[in-house]
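Examining the three-dimensional arrangement
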Amino acid sequence: MPADLHLHTIFSDGTETPEMIVELAKKKGLTAIAITDHDVIAGIEPAHRRGAELGLEIVPGIEFTSEAGGAEIHILGYFIDLKNEALLAKLAQLQKSREERIYKICDKLKNLNLLVDPEKVFAIAGHRAAGRPHVAQALLARGDVKSVKEAFDRFLDNRGPAYVEHYKLSPTEAVGLINAVKGLAVYAHPAVSNCDKIIPELTAAGLTGIEAYYSGHDNYLTNFYIRLAEKYGLLLTGGSDFHGFKSGREINIGEPSLSDKLFQKLKDEYLRRNKS
Ligand code: AMP
Ligand code: ZN
Ligand code: FE
Ligand code: FE
């Protein structure tokens, strides 16, 4: 039975709880899923608990946001060791950088006479890492803008007057970190990043797979990345990148999914590396 190895929960920018994701996956007839929240692992444990109750295999995962030469590259990590101290320290550093960034964004907004209280932004974010979407909501709540889109268009997008960078790993650092915590690193939705020239470099850094089966890939793109994976000796993975029904993205859990056979190949690779 198939697997969906790319799913987000409320612990990053998804709209469903990990428990709900597990229930939806079970209903869809999947036998395994990976929770792959952006730069956080908090959703994995609750998914594990619900998965054990319903008989669904949960692969511990993460999706790192990295950047190289202006291009955003997402690197998925599978079978990561959640107790690894180097991983926990890096995740803490990423979160801290995001937090400090909110203060900087609010300072920039203040210079534009928009008095957004950082604490308000953190309150809106709740248990999630605060980011630009929450700043946008704070601006909306104050009546400074009429929509989240307007907040991005006028102030927050990469060219906007209140834009602030945050610390990101480089793609090869992300691959290295995943390998260091005994996980398998996979290049997420390559056609979205549209930066195929980075694949040899990622492969040299220890990349294991390519997400050829992806909701945003049509047949042509899927086949294109299957051939690239063959060329570089990479395994194939797949997932929907489901962010929830209220996310505004028309994506369904398990569409596409990864075949049993390909999922088993990934697991075999993990077991091969981690035997002893
Ligand atoms: P951050 O991680 O804080 O930089 O925010 C990134 C998030 O902001 C993305 O995941 C999107 O959900 C959202 N976002 C980015 N650009 C836009 C935009 N132009 N309009 C609306 N939302 C956006
Ligand atoms: Zn996301
Ligand atoms: Fe992504
Ligand atoms: Fe994703």
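See the structure shown above.
Now for a quick tour of the structure. (Residues numbered from 1 in each chain as written. Chains lettered and ligands numbered in written order. Predicted model: local features only at pLDDT ≥ 70, side-chain atom pairs only at ≥ 80, totals over all residues. Heavy atoms only, no water.)

All right, on to the sheet that holds strand S2 (residues 32-35) then. Whenever strands of a sheet pair, they do so through backbone hydrogen bonds, lying parallel or antiparallel. Strand order in the open sheet formed by 7 strands is S1-S2-S3-S4-S5-S6-S7, and the pairing between neighbours is mixed. Each edge of the open sheet is held by one strand with a lone partner, namely strand S1 (3-7) and strand S7 (235-239). Pairwise comparison of adjacent strand axes, ignoring direction, gives a mean angle of 35° for this sheet. The sheet contact formed by strand S5 (residues 184-187) and strand S6 (residues 209-214) spans 2 bridges and is parallel. Note that in S6 the partner of Tyr187 across the bridge is Ile210. Of the strands in this sheet, S6 and S7 touch helix H10 (residues 219-232), which is tilted by about 165° from S6. (Pairing = 2+ DSSP bridges. Helix = DSSP H or I, 4+ residues; strand = E, 2+ residues; numbered from the N terminus. Axes fitted to C-alpha atoms, helices over the stretch in contact; angles between N-to-C directions. Contact = heavy atoms within 4.5 Å.)

In the vicinity of ligand 1, the contacting residues are Asp13, Arg98, Arg101, Gly131, Arg132, Pro133 and Phe152. One of the side-chain nitrogen or oxygen atoms of Arg101 is found 2.8 Å away from an oxygen atom of ligand 1. A total of 500 Å² of accessible area belongs to ligand 1 in isolation, and the protein chains cover 60% of it. Sorting the residues of the shell around ligand 1 by element identifies helix H3 (85-111) and helix H5 (132-142) as the ones contributing at least two each. (Near = heavy atom within 4 Å. Polar contact = N/O pair within 3.5 Å; in protein donor to acceptor, adjacent residues only side chain to side chain. Areas by Shrake-Rupley, 256 points an atom, 1.4 Å probe, with all protein chains shown as cover.)

Within strand S4 (residues 71-78), 7 of the 8 residues are buried, which leaves the element mostly enclosed by the surrounding structure. As paired strands, strand S3 (residues 57-68) and S4 are joined by 8 bridges and run antiparallel to one another. Paired with Gly61 across the bridge in S4 is Tyr78. Taking the residues that link successive antiparallel strands as the turn, the S3-S4 hairpin has 2 residues, and the phi of Gly69 there is positive, at about 55°. (Buried < 20%, exposed > 50% of the residue type's maximum accessible area, 1.4 Å probe, protein only.)

So, on to the coordination of the zinc ion (ligand 2). Within the protein, the zinc ion (ligand 2) binds to Asp13 (OD), Asp13 (OD), His38 (NE2) and His243 (NE2); these donor distances fall in the range 1.8 to 2.5 Å. For the zinc ion (ligand 2), the 4 donor atoms are set out with angles of 52 to 148° between them, so the coordination reads as irregular. Each donor residue of the zinc ion (ligand 2) belongs to the same chain, with the gaps between them written as D-x24-H-x204-H. If you look at the zinc ion (ligand 2) and the iron ion (ligand 3), they sit 5.7 Å from each other. Placement of Asp13 in the loop between S1 and helix H1 (18-28) and of His243 in the loop between S7 and helix H11 (260-274) is noted, with a sequence separation of 230 residues between them. (Donors = N, O, S within 2.8 Å, 3.2 Å for Na, K, Ca; no water. Tetrahedral: all angles 85-135°; square planar, octahedral: opposite > 155°, others 65-115°.)

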